[in-house]
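Observations on the three-dimensional arrangement
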Amino acid sequence: AQSVTQPDIHITVSEGASLELRCNYSYGATPYLFWYVQSPGQGLQLLLKYFSGDTLVQGIKGFEAEFKRSQSSFNLRKPSVHWSDAAEYFCAVGDPLRFAGGYQKVTFGTGTKLQVIP
Amino acid sequence: DAGVIQSPRHEVTEMGQEVTLRCKPISGHDYLFWYRQTMMRGLELLIYFNNNVPIDDSGMPEDRFSAKMPNASFSTLKIQPSEPRDSAVYFCASSYFRSGGNNEQFFGPGTRLTVL
């Protein structure tokens, strides 16, 4: 079974600074990988996803993530953080073989709360 | 499209009462998911449906919880009787199956449940 770890519970960055949120997964092959964002009082919204191909994935709101098979990682990055990026970020993993068969369960990490200071 | 619609947005009830949470998925989506989010346990998948049929209910905590999907546009999550430890935010999400795995889940705004 797949699993995902987000080692940082809270991160604080200054507005304009760069950001990297860590995500490590456990899976025997290349999984499906997702990053979602949850703004306060809202549901989750997909930022980006990786299924195959180019390991650097571009998403919405200026975010990108890089899949590194050797490190079992899928870290989320943004070159310059805006105050509106303050939210909780969730990494998630899915099993491609089971997805192909219609089994759609995705395992979410525990989330990283991002605080942005002026 | 209006997105995934959940009602009520907030529910406060007393221990022992029945609670019913409602969800309307995005039209055309064939998968519906119920999640529970708490500080202690994070985001947990409770159950999901495909074409109105429950596929995986292994996350349903106990018999007090039940979920139904009588048609493609409506689902309920019921807790009977409710307990204070059920206090959480409950999310509904929907998606549609595409070969190749491009299966984004679209989340509703959630129902914040407080059981006193």
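Residues numbered from 1 in each chain as written. Chains lettered and ligands numbered in written order. Predicted model: local features only at pLDDT ≥ 70, side-chain atom pairs only at ≥ 80, totals over all residues. Heavy atoms only, no water.

**Quick notes on the nonpolar core**
Membership of the largest hydrophobic core comes to 26 residues, with the highest contact counts inside it found for Leu 19, Trp 35, Leu 47, Leu 48, Phe 74, Leu 76 and Tyr 89 of chain A. Of all elements in the fold, only strand S2 (10-14), strand S3 (19-21), strand S5 (32-38), strand S6 (44-50), strand S8 (64-68), strand S9 (73-78), strand S10 (87-94) and strand S12 (112-117) of chain A reach the threshold of two or more residues within this core. Looking at this core element by element, the count peaks at four residues for S10 of chain A. Non-local contacts of Leu 48 of chain A, meaning those with residues more than four positions away in its chain, are made with Leu 33, Phe 34, Trp 35, Val 57, Gln 58, Gly 59, Phe 63, Glu 64, Ala 65, Phe 74 and Leu 76 of chain A. Counting residues in hydrophobic clusters, the runner-up holds 22 residues, among them Tyr 32, Leu 44 and Val 106 of chain A together with Phe 33 of chain B. (Core = buried A, V, L, I, M, F, W, Y, C linked by side-chain atoms within 4.5 Å. Buried < 20%, exposed > 50% of the residue type's maximum accessible area, 1.4 Å probe, protein only. Helix = DSSP H or I, 4+ residues; strand = E, 2+ residues; numbered from the N terminus. Contact = heavy atoms within 4.5 Å.)

**Notes on the interface of chain A and chain B**
Listed as interface residues are 21 residues of chain A and, on the opposing side, 23 residues of chain B. Taking both sides of the interface into account, the surface hidden between chain A and chain B amounts to around 1,800 Å²; carbon and sulfur atoms contribute 54%. At the boundary of chain A and chain B, one finds zero salt bridges. One can count two residue pairs in polar contact (both at pLDDT 80 or more) joining chain A with chain B. (Buried area = accessible area lost by both parts, 1.4 Å probe. Salt bridge = Lys/Arg side-chain N within 4 Å of Asp/Glu carboxyl O. Polar contact = N/O pair within 3.5 Å; in protein donor to acceptor, adjacent residues only side chain to side chain.)

**Quick look at the pattern of salt bridges**
Residue and element names in this part refer to chain B. Going through the model one piece at a time under the given rule, you end up with 12 salt bridges over all chains. With a shortest N-O distance of 2.8 Å, Arg 64 and Glu 62 are connected by a salt bridge. By relative accessible area, which is 10% here, Arg 64 ends up buried. In this structure, the salt-bridge partner of Glu 83 is Arg 64, at a minimum N-O distance of 3.5 Å. Of this pair, Glu 83 sits in the loop between strand S8 (74-79) and strand S9 (88-95) while Arg 64 sits in the loop between strand S6 (53-56) and strand S7 (65-71); the two residues are 19 residues apart in sequence, bridging distant segments of the chain. Judged by relative accessible area, Glu 83 falls into the partly exposed class, the value being 23%. Residues participating in the shared-partner salt-bridge network are Glu 62, Arg 64, Glu 83, Arg 85 and Asp 86.

**Description of unusual backbone geometry**
Residues and elements named next belong to chain B. Omega for the peptide link from Ser 7 to Pro 8 comes to -10 degrees, which places this bond in the cis form. As for its position among the elements, Pro 8 is in the loop between strand S1 (5-7) and strand S2 (10-13). That bond from Gln 80 to Pro 81 is cis: its omega, -5 degrees, falls within 30 degrees of zero. Tracing the backbone shows Pro 81 in the loop between S8 and S9.

**Considering the environment of Ile 117 of chain A**
Residues and elements named next belong to chain A. Positionally, Ile 117 belongs in strand S12. Overall, the relative accessible area of 34% leaves Ile 117 in the partly exposed class. Between the C-alpha atom of Ile 117 and that of Val 13, which follows or precedes it by 104 residues, the distance is 6.2 Å. With near-sequence residues (within four places) excluded, Ile 117 lies in contact with Thr 12, Val 13, Ser 14 and Glu 15.

**Quick look at the state of the cysteines**
Residue and element names in this part refer to chain A. Going through the model one piece at a time under the given rule, you end up with two disulfides over all chains. Two residues share a disulfide in this structure: Cys 23 and Cys 91, whose sulfurs sit 1.9 Å from each other. For the disulfide bridge between Cys 23 and Cys 91, the dihedral angle about the S-S bond is near -65 degrees, and by the sign convention the bridge is left-handed. With Cys 23 in the loop between S3 and strand S4 (24-26) and Cys 91 in strand S10, the pair connects residues that are 68 residues apart, well separated along the chain. (Disulfide = S-S within 2.5 Å.)

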